[in-house]
Amino acid sequence: MRLHYIVEAQEFNRAMLEELFDIAGEMEHVVWEGGSKLLDGKIMASLFYEESTRTRFSFETAMLRQGGSVISTENARQFSSVSKGETLEDTIRIMNGYADVIVMRHYESGAARRAADVSRVPIINAGDGTGQHPTQAFLDLYTIQKELGRLDELDIAVVGDLANGRTARSLCYLLAKYRNIRIHLVAPEVVRMRQDIKEYLARHDVWFQEETNLRAIIGQVDVVYQTRIQKERFGDRADDYRAAQGVYVIDREMVERMKPASIVMHPLPRVDEITVEVDSDRRAAYFRQAQNGLYIRMALLAGCLGKDLQRQPSEVQFSGN
Amino acid sequence: MRLHYIVEAQEFNRAMLEELFDIAGEMEHVVWEGGSKLLDGKIMASLFYEESTRTRFSFETAMLRQGGSVISTENARQFSSVSKGETLEDTIRIMNGYADVIVMRHYESGAARRAADVSRVPIINAGDGTGQHPTQAFLDLYTIQKELGRLDELDIAVVGDLANGRTARSLCYLLAKYRNIRIHLVAPEVVRMRQDIKEYLARHDVWFQEETNLRAIIGQVDVVYQTRIQKERFGDRADDYRAAQGVYVIDREMVERMKPASIVMHPLPRVDEITVEVDSDRRAAYFRQAQNGLYIRMALLAGCLGKDLQRQPSEVQFSGN
Amino acid sequence: MRLHYIVEAQEFNRAMLEELFDIAGEMEHVVWEGGSKLLDGKIMASLFYEESTRTRFSFETAMLRQGGSVISTENARQFSSVSKGETLEDTIRIMNGYADVIVMRHYESGAARRAADVSRVPIINAGDGTGQHPTQAFLDLYTIQKELGRLDELDIAVVGDLANGRTARSLCYLLAKYRNIRIHLVAPEVVRMRQDIKEYLARHDVWFQEETNLRAIIGQVDVVYQTRIQKERFGDRADDYRAAQGVYVIDREMVERMKPASIVMHPLPRVDEITVEVDSDRRAAYFRQAQNGLYIRMALLAGCLGKDLQRQPSEVQFSGN
């Protein structure tokens, strides 16, 4: 697996995802063994044009656990401040002189693509505006694969803010690559899934249905993918927010209606759409899901930095501790 | 010494403090030799909910000098922003997937305890609100031990803002564990030591006295522990601040009244409560005290990460340079 | 080459610059080979009192590529906040307990000198106010040496904001050390080169001339050193800014008037004083120039940390990858 950039989830086909997940599985062992020195001497730049400490930490840990180093800013807007006016392209060209791989979060949709177009070193999109956040989409799929042992033959309820939730939208997109998928779109009226994804699912012959009664279907699904109602999207309409917020809550009573082998996922952070009493249930997979992000990002960094794990497994060096 | 968390200074008894100080002494040699690789492959998270570059640098240096790595933010409030509303407990659970030890500074008293209650990896409290800052308390004691060779039989003047000074309060608390301690509490009227600590000292049979005349007693003490009058506590009362500020100043004339084997300490930063002419006096211990923070934190990190220095000294690997 | 501090460009004479450039040349190979472990166990502090992510990344990469570690802040003002009032000198003394070398950016001219006066560890000035930014000056000279093969016998046009541009001023200063230099000072009326540098050049018998017609001389120069018109210097005078901004632009038509073996330099960031169509011309040296900063800073860090590369080349250890 050799990757030059990771800008959009759809660049990965089923075979690539399978290879990615195999390598992520290897990475779990690497972490367990105390890390590797695979990326010793390599430098990753965290170039964040908006703050996202959670995502930044996940990538930086993924680099450090493999013996690499990091240069980091959550203040990259300063590069292109109004008074100075540098273009993103110039910034990337300069960063090419420093880093071996650039992980970029940007406030504008399409920024990662523009960066990849001029960069000599690999670019990994860590979220650009309302666009893509491909590594989140990969870790979601990887979690399902790992928890349920399959990605075909799935019955899944995607719940919450489906209009604005980047992760819910990406998940639907990727699931269309698999066989016999059934998707229940469960959203408050004001944040229903937008037309583009529904058309996409129809075009790819994926069974889906818009639902309003989560309780009625929760007993039949393999995955509940819960998402946060994003208060910041409602502006002044605080009443609308509160109405949407309280509609679909996973509490103990709800989780006990679920099948024993099913799981509850959430991209985090959560507010109260999953109550804390659910955390101790074996089906609560959301903290394991967050942890999986580390393995996926380790695999992607190794792939970007030219380490062909599949072909030359002996190249992976473990450092005992 | 195996530590799961370091939340409050009182978790340490005399025996543990002695062991800690022994290991800190070893760490001075480690630094002198160019550092170790003891914590190679380990990751420390600096999770600072408020800025404290000084404390953060001290901990990060303590990690790096032992071959470990660091992920770092002074902007951790963003995790639990109003719009997103994640709990501290959820943040800690996610951080557990990244770091082997979490060093946390928080604006709320008790936050470190809450973090320790849910964390799988060790938590070190780097200050929580008006609560505790245990590593500062340890380095203060360690400095006295190192400079004077003992912690019993001490005559000490604690000077300055005793009402608000977290370090002065913690020091009084810890000194109560030792024998034949005499404490002079020397504060401007508006910032006198609060009742709780005085009652605590009385309950533990520690001799103490409130003084107003520092000059009268400075010749008899072993330690002057000077603290800054914290302007930010006075709000609009600028006159009150200036009055309190100028009352107790250690200048050359004052330090020359002190015993030859005595020391002047200060948790830093100082403003002008110790004049710069004192810096060159052998009794000025405050910069050595700041340096001691590094050795204490190296010892605590090693202890938290399961390195039992006392039992297996051969485990410490030195990297020459 | 053993350096205790790097505060001003003029501390370096011709012989020292030659040695510096030789070592920088070695560093290009080190980077090409995947980095070294020369500075393993060493810690650099990035102590930035104002943000400059670009410069900070360049220094941090220079440290990491040699196996060293970094502690970093772009928020060092907090150390000396109004409410706390710590002096720079105290901050430096405390930092001496943590770091092996301190790279400092400050908003006050002369701050680096004050730091160097009290520091036990080397200080590198990464820009202090309107004062010096010596490593930028060195990388500019190094770029000319590398691109043209000489530093004597040069015909150079320095263009743009010569009144405020720290780099243009420093370059003129350093060029006076070389033989048969001809300098064309090409600036809009409102930002002409100040008297001090012109007197300095006259005193050192350097040929120079103030020009208004760049097109007339561009065909004869070896170097066009273009600089940005700094909008922030113009305050309310937006019309003045726009007038100055548009006067001297290097576009394809201009660059094609230049000699085949000449180069266009720019300290970056650029706005539109060099059009993007020029980037693909072989004479466009500005991105290579930015990259050269890495090699210069690697050489300076090695020199500051007591690694005498010239005398003991075998001391340089390469880590393959």
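Residues numbered from 1 in each chain as written. Chains lettered and ligands numbered in written order. Predicted model: local features only at pLDDT ≥ 70, side-chain atom pairs only at ≥ 80, totals over all residues. Heavy atoms only, no water.

1. Comments concerning the packing of helix H2 (residues 53–64) of chain B against helix H11 (residues 286–304) of chain B
Residues and elements named next belong to chain B. Direction vectors running N to C along H2 and H11 enclose 60°, while the axes themselves pass 8 Å from each other. It follows from the interaxial angle that H2 and H11 lie oblique. Relative to H11, H2 is oriented so that their crossing is right-handed. Where H2 approaches H11, its residues Ser58, Phe59, Thr61, Ala62 and Met63 are matched on the opposing element by Gly293, Leu294, Arg297, Met298 and Leu301. (Axes fitted to C-alpha atoms, helices over the stretch in contact; angles between N-to-C directions. Helix = DSSP H or I, 4+ residues; strand = E, 2+ residues; numbered from the N terminus. Parallel < 35°, antiparallel > 145°, perpendicular 65-115°, else oblique. Left-handed = near helix turned anticlockwise from the far one by under 90°. Contact = heavy atoms within 4.5 Å.)

2. Comments concerning the relation of the copies chain B and chain C
Mapping chain B onto chain C calls for a screw motion: a turn of 120° about the axis and a shift of 0.0 Å along it, with 0.1 Å RMSD after fitting. What the rotation and shift describe, once combined, is the action of a three-fold rotation axis. Taking C-alpha positions as the reference, the residue of chain B nearest the rotation axis is serine 69 of chain B, at 5.0 Å. (Least-squares fit on C-alpha atoms with pLDDT ≥ 70 in both.)

3. With respect to the side chain of glutamate 74 of chain B
Counting through the fold element by element, glutamate 74 of chain B comes out in the loop between strand S3 (69–73) and helix H3 (88–95). Using a relative accessible area of 16% as the deciding quantity, one classes glutamate 74 of chain B as buried. At 3.2 Å, the side chain of glutamate 74 of chain B forms a polar contact with the backbone nitrogen of threonine 53 of chain B. A polar atom in the side chain of glutamate 74 of chain B sits 3.0 Å from the side chain of arginine 56 of chain B. The residues touching glutamate 74 of chain B, leaving out its near neighbours within four places in the chain, are Phe48, Glu50, Glu51, Ser52, Thr53 and Arg56 of chain B together with Asn75 of chain C. (Buried < 20%, exposed > 50% of the residue type's maximum accessible area, 1.4 Å probe, protein only. Polar contact = N/O pair within 3.5 Å; in protein donor to acceptor, adjacent residues only side chain to side chain.)

4. Structural notes on the packing of aromatic side chains
Residues and elements named next belong to chain B. This structure, assessed with the given rule, holds 18 aromatic pairs over all chains. With 5.7 Å between their ring centres and 65° between their planes, phenylalanine 234 and tyrosine 241 make a pair best called edge-to-face. What makes phenylalanine 234 buried here is its relative accessible area of 4%. Take tyrosine 241: its relative accessible area is 11%, and that puts it in the buried class. (Phe/Tyr/Trp six-rings, centres within 6.5 Å; stacked < 30°, edge-to-face > 60°.)

5. Some words on the domain arrangement of chain A
Residue and element names in this part refer to chain A. The domain boundaries assigned to chain A delineate domain 1 (5–132 + 292–310) and domain 2 (135–278). Averaged C-alpha coordinates put domain 1 and domain 2 at centres separated by 27 Å. Contact residues are listed per partner, giving 29 residues for domain 1 and 20 residues for domain 2. Carbon and sulfur atoms make up 59% of the area that domain 1 and domain 2 hide from each other, which totals about 1900 Å². Considering only the side of domain 1, the residues that lose the most area to domain 2 are Arg14, Phe21 and Asn292, jointly responsible for 32% of the buried surface there. Here arginine 14 and aspartate 152 are joined by a salt bridge, their closest N and O atoms 3.1 Å apart. When residues of the side of domain 1 that touches domain 2 are traced back to their parent elements, those giving at least two are helix H1 (14–32), helix H2 (53–64), strand S5 (123–128) and helix H11 (286–304). Top contributing element to the side of domain 1 that touches domain 2 by residue count: H1, with seven residues. Residues of the side of domain 1 that touches domain 2, tallied by class, amount to twelve nonpolar, eleven polar and six charged. (Domains from an automatic or database assignment. Buried area = accessible area lost by both parts, 1.4 Å probe. Salt bridge = Lys/Arg side-chain N within 4 Å of Asp/Glu carboxyl O. Nonpolar A, V, L, I, M, F, W, Y, C, P; charged D, E, K, R; others polar.)

6. Observations concerning the pattern of salt bridges
When their charged atoms lie close together, side chains carrying opposite charge are able to pair. Per the stated rule, a full pass over the model turns up 93 salt bridges over all chains. Aspartate 40 of chain C is the partner of lysine 37 of chain B in a salt bridge, and the nearest nitrogen-oxygen pair spans 2.8 Å. Residue lysine 37 of chain B is found in the loop between helix H1 (14–32) and strand S2 (43–48), and its partner aspartate 40 of chain C is found in the loop between helix H1 (14–32) and strand S2 (43–48); the two belong to separate chains. The exposure class assigned to lysine 37 of chain B is partly exposed, which follows from its relative accessible area of 29%. The exposure class of aspartate 40 of chain C is partly exposed, given its relative accessible area of 27%.

7. Focus: the interface of chain B and chain C
Contact residues are listed per partner, giving 27 residues for chain B and 29 residues for chain C. Buried surface at the junction of chain B and chain C, summed over both partners, amounts to about 2400 Å²; 51% is from carbon and sulfur atoms. Its largest share of buried area at the contact with chain C, chain B owes to Arg54, Phe57 and Arg65 of chain B, together 26% of the area lost on that side. Where chain B packs against chain C, one counts nine residue pairs in polar contact (both at pLDDT 80 or more). At the level of secondary structure, the elements contributing two or more residues to the side of chain B that touches chain C comprise H2 and H11 of chain B. Broken down by element, the side of chain B that touches chain C gets its largest block of residues, eight residues, from H2 of chain B. Its residues assigned to classes, the side of chain B that touches chain C comprises eight nonpolar, seven polar and twelve charged.

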